[in-house]
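Now for the letters of each chain:
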Amino acid sequence: MPLEYNKRTHDCGALRGSDVGKTVLLSGWVDNFRDHGGMVFIDLRDRGGITQLRFNPDTDPAAHGVARTLRSEYVICIRGEVVSRGTNVNPKMPTGEVEVAVHEIDLLSKSKTPPFQITDDVETNEDLRLEYRVLDLRRPRMRNAMMLRHKITKTIRDYFDRNGFLDIETPILCKSTPEGARDFLVPSRVHNGSFYALPQSPQIFKQLLMMAGLDRYMQVARCFRDEDQRADRQLEFTQIDLEMAFVQPEDVMRHVEACLAEVAQVALGLKVPLPMPRISYAEAMAKYGKDAPDIRYEMTIKDLSVFAAKTDFKVFREPLDAGGVVRCIVVPGGAAMTRKETDGLTEEIKGIGAGGLPLVKVAEEGGKVVLQTGIAKFLDAEPIKSELLSTSGAKPGDLIFFAAGSEANVCKWLAWLRGTVAERRGMIPKDTWAFCWVVDFPLFGWDDDSKNIFSMHHPFTSPKDEDLHLMHLDSPNPAPASDLLKVRAKAYDVVLNGVELGGGSIRIHRSDVQAKIFQLLGISPEEAKLKFEYLIEALQYGAPPHGGLALGLDRIVMLFGGFSSIREVIAFPKNAKAIDPLTKAPSEVSAEQLKELGIRLAP
RNA sequence: GGGGCUGUAGCUCAAUUGGUUAGAGCGCCGGCCUGUCACGCCGGAGGUUGCGGGUUCGAGCCCCGUCAGCCUCGCCA
């Protein structure tokens with residue numbers, strides 16, 4: 001009579017010494033087998049873990065005969081007795097105190113030899129892993145990633161449920177808007193020539209929910225952006241999306257950081273001190289060169305523009321005269337860096353647009369501090385040298401990297417350099433989890449191409465109350481750009497170890513302010529009505545002050561799980577070229593399908 | 001679209017300045033083995049060096065092109 005595989009008594013990670021003597025029914029995959037000619041040992045694996053099975057030819061010849069034919073990844077069901085391993089305990093296995101003496105076995109399913117071994121030990125190339133994702137997901141590391149993701153998601157859902165947030169689903173088939181990233185379009189069969197767009201985020205819907213009076217909303221929301229991929233970006237990704245009515249930034253931030261602290265507790269057993277530090281956007285850019293600062297280590301950026309203006313060094317003077325800046329980072333002990341290392345960095349930084357990588361080493365000779373190598377000869381004279389040392393804070397044994405150019409470029413280059421050098425020189429403390437909030441983002445940025453301002457966040461972001469006057473609300477004319485660029489937004493990003501976990505803002509609830517913003521952004525009332533009619537309309541029927549935030553769930557799981565790519569925490573991800581190696585999506589479709597949709601492909 | 005790295009057995013990798021028949025570990029197949037747990041021992045199969053072209057007496061290695069993967073800038077919050 002076949003074994004009742006639907007009546008498993010335990011999973012393969014459950015049995016302990018206290019279970020000795022029990023008769024158990026287990027099912028799973030053959031992880032490994034060791035055939036001694038007589039005794040056969042099988043490691044049986046399922047989601048719970050691994051249990052060793054023992055097949056004794058003397059007591060159970062039939063089961064033993066089957067066991068000898070088993071191979072990797074065969075699926076079996078067994079019944080047997082839990083026995084102590086006596087002196088042969090395996091301390092490396094949670095179930096290592098016991099084994100199961102198998103009396104009956106059913107072979108449920110055979111397996112071809114897998115294209116790679118199902119183990120964490122061997123790092124297989126990712127393309128193959130994605131093509132055989134079913135096998136890849138059997139590896140403990142990947143199984144743990146899926147389980148961690150579940151645990152984190154559940155923790156977040158529970159937190160918001162406990163705090164009065166309603167989980168509400170929003171549409172997947174939406175209206176296309178030109179803002180932000182490229183939309184994925186879905187052609188309409190019923191309305192040939194018209195298209196739905198997949199949501200880049202539920203942004204507008206969650207605002208509408210607040211206007212609808214639902215007060216607190218959250219959703220584990222799938223979002224879609226048709227942009228190029230990165231290690232931490234996928235075409236489709238998951239946001240923890242939330243929105244609250246009658247709030248200021250601090251209210252949203254307090255909930256989010258409390259929630260993240262709970263996640264850190266559950267995922268890592270970590271106690272995160274609250275509140276998390278707040279850093280202004282201006283400070284983040286000045287000290288770290290990016291709006292997602294990694295505050296686990298120092299080596300912050302120092303401004304040398306005033307100093308550099310006093311030199312005759314062309315590499316500094318020319319960018320300064322063009323309105324740029326000169327800044328540096330000081331690598332502690334960096335004078336020990338080899339020519340090979342610094343040359344390598346120079347080549348790499350050229351790859352992101354820098355002209356080169358000026359540097360000096362600081363040394364001590366006969367009790368005197370001297371500059372060496374690189375551009376030392378341009379800076380070694382007094383009082384230039386002393387001013388460089390005092391402004392940068394460099395000491396003998398250090399190395400100074402310089403960057404000169406537009407502020408945006410200098411920030412980009414030094415942020416890259418800071419991160420790269422810190423990583424390569426082992427300056428990043430292990431097992432450190434540095435959260436922070438970045439606040440006071442500018443409301444507008446300047447687009448040099450169109451010579452116009454644009455929304456840093458999105459056009460519904462509320463300005464800070466104290467900066468409202470810079471927008472000249474009472475005047476029918478647009479405020480000057482110089483004023484507008486000073487306006488700070490009620491926007492905030494939460495950052496962990498230099499990675500943006502999420503961001504949000506308080507939204508505009510006044511229709512006059514919203515109208516002004518559209519005017520400033522060059523969006524005509526007609527255009528605004530066309531694109532956002534439902535939102536503008538709703539604003540006129542009593543909109544509560546409201547705001548929210550969205551967290552990147554994939555990134556959170558990636559960081560807490562110690563992975564270097566979000567593909568590791570997504571069950572079926574796409575590769576860097578936006579292809580799913582498993583299903584081979586995207587694919588061509590039939591002529592009939594296209595015809596029905598009224599679509600003809602360009603030749 | 002730009003830059004970088006990679007591509008050799010099923011998997012992970014090696015192969016001196018260009019030099020004989022391209023190797024190793026794991027896996028796989030066969031045999032032996034009654035306490036292994038990365039079992040062990042013996043034997044075996046397995047290769048269009050991503051693909052195409054060029055240089056050369058001779059190319060895994062050099063050159064050109066192309067394809068694929070990853071990282072990155074642009075792009076994207």
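In this text, all values refer to a predicted model and were calculated from it rather than measured experimentally.

What counts, and at which threshold
Residues numbered from 1 in each chain as written. Chains lettered and ligands numbered in written order. Predicted model: local features only at pLDDT ≥ 70, side-chain atom pairs only at ≥ 80, totals over all residues. Heavy atoms only, no water. 1 Å grid on protein atoms, 1.4 Å probe; cavity = no way out; pocket = protein on both sides within 12 Å on 5 of 7 lines; lining within 4 Å. Points joined across faces, edges and corners; volume = space filled by probe spheres on them. Helix = DSSP H or I, 4+ residues; strand = E, 2+ residues; numbered from the N terminus. Salt bridge = Lys/Arg side-chain N within 4 Å of Asp/Glu carboxyl O. Buried < 20%, exposed > 50% of the residue type's maximum accessible area, 1.4 Å probe, protein only. Contact = heavy atoms within 4.5 Å. Arc of directions from axis to C-beta. Domains from an automatic or database assignment. Near = heavy atom within 4 Å. Polar contact = N/O pair within 3.5 Å; in protein donor to acceptor, adjacent residues only side chain to side chain. Nonpolar A, V, L, I, M, F, W, Y, C, P; charged D, E, K, R; others polar. Phe/Tyr/Trp six-rings, centres within 6.5 Å; stacked < 30°, edge-to-face > 60°. Pairing = 2+ DSSP bridges.

### Focus on the layout of surface pockets
Rolled over the atoms, a probe as big as a water molecule pinpoints where empty space is left.
Here is step 1: Each pocket or cavity is described by its volume, and for the second largest pocket that value is around 690 Å³.
Here is step 2: Contributing to the lining of the second largest pocket are 25 residues, with Phe184, Leu185, Pro187, Pro586 and Ser587 lying nearest its centre.
Here is step 3: Listed by contribution, the elements that provide at least two residues to the lining of the second largest pocket are β7 (185-187) and α18 (591-597).

### Focus on the pattern of salt bridges
Here is step 1: One pass over the structure, following the stated rule, counts 48 salt bridges.
Here is step 2: For Glu123, the salt bridge identified is with Arg129, shortest N-O distance 3.9 Å.
Here is step 3: Across the pair Glu243 and Arg507 runs a salt bridge whose closest N-O atoms are separated by 2.8 Å. One end of the pair, Glu243, is in strand β10 (residues 236-245); the other, Arg507, is in strand β21 (residues 499-507), and 264 residues separate them in sequence.
Here is step 4: Under the relative-accessibility criterion, Glu243 is labelled buried at 0%.
Here is step 5: Judged by relative accessible area, which is 1%, Arg507 ranks as buried.
Here is step 6: By sharing partners, the salt bridges in this structure join Glu123, Arg129, Arg133, Asp136, Arg139 and Glu568 into a single network.

### Thoughts on the environment of Arg510
Here is step 1: Relative to the helices and strands, Arg510 resides in the loop between β21 and α15 (511-520).
Here is step 2: Since its relative accessible area comes to 35%, Arg510 is described here as partly exposed.
Here is step 3: As a C-alpha pair, Arg510 and Val569 span 59 residues in sequence and 41 Å in three-dimensional space.
Here is step 4: The residues contacting Arg510, other than those within four sequence positions of it, are Leu468 and Leu473.

### Section: helix α9 (residues 314-321)
Here is step 1: Considered for burial, the residues of α9 that qualify are Phe316, Pro319 and Leu320. The arc enclosing the buried residues of α9, seen along the axis, measures out at 100 degrees, which places them on a common side. Facing away from the buried side of α9 by over 90 degrees, the exposed positions are Lys314, Glu318 and Asp321.
Here is step 2: The elements touched by buried residues of α9 are α8 (305-308), β13 (325-331), α11 (376-379) and β16 (399-405).
Here is step 3: Following α9 by one or two positions, Gly323 has its phi on the positive side, about 90 degrees.

### Observations concerning the domain arrangement of chain A
Here is step 1: Segmenting chain A into domains produces domain 1 (5-109), domain 2 (140-278 + 550-590), domain 3 (297-428) and domain 4 (442-488 + 510-543).
Here is step 2: One C-alpha centre belongs to domain 3, the other to domain 4, and the line joining them spans 40 Å.

### Focus: the protein's contact with RNA strand B
Here is step 1: The local shell around RNA strand B holds 48 residues, among which Asn32, Arg54, Asp58, Pro115 and Arg233 are the closest.
Here is step 2: Each atom of RNA strand B within 4 Å of the protein was assigned to sugar, phosphate or base; sugar and phosphate come to 58%.
Here is step 3: A distance of 2.5 Å separates a base oxygen of RNA strand B from a polar side-chain atom of Arg54.
Here is step 4: Backbone polar atom of Ala231 to a phosphate oxygen of RNA strand B: 3.4 Å apart, as the coordinates give it.
Here is step 5: Looking at the surface near RNA strand B, the elements with two or more residues in it are β1 (23-35), β3 (49-55) and α2 (126-131).
Here is step 6: Of the residues contributing to the surface near RNA strand B, the split by class is ten nonpolar, 17 polar and 21 charged.

### Notes on the packing of aromatic side chains
Here is step 1: Using the criterion set out here, one finds twelve aromatic pairs in the structure.
Here is step 2: Pairing Phe313 with Phe316 gives two aromatic rings, centres 5.0 Å apart and planes at 75 degrees, and the pair type is edge-to-face.
Here is step 3: Taking the relative accessible area as the measure of exposure, Phe316 reaches 0% and is therefore buried.
Here is step 4: Through a chain of ring-to-ring contacts, three or more aromatic side chains come together here, namely Phe313, Phe316, Phe378 and Phe402.

### Structural notes on the pairing of strand β22 (residues 546-552)
Here is step 1: For β22, the tally of buried residues reaches seven of seven residues, placing the bulk of the element in the interior.
Here is step 2: On β22, burial covers both faces: His546, Gly548, Ala550 and Gly552 on one face and Gly547, Leu549 and Leu551 on the other are all buried.
Here is step 3: Pairing analysis gives six bridges linking β21 to β22, with the strands arranged antiparallel. Along β22, the bridge assignment pairs Gly504 with Leu549.

### What to know about the pairing of strand β18 (residues 444-447)
Here is step 1: Across four bridges, the pairing between β18 and strand β19 (residues 452-455) is antiparallel. Pairing of Phe444 across the sheet is with Ser455, part of β19.
Here is step 2: The turn joining β18 and β19, which pair antiparallel and follow one another in sequence, is formed by four residues; a positive phi near 55 degrees is taken by Lys451.

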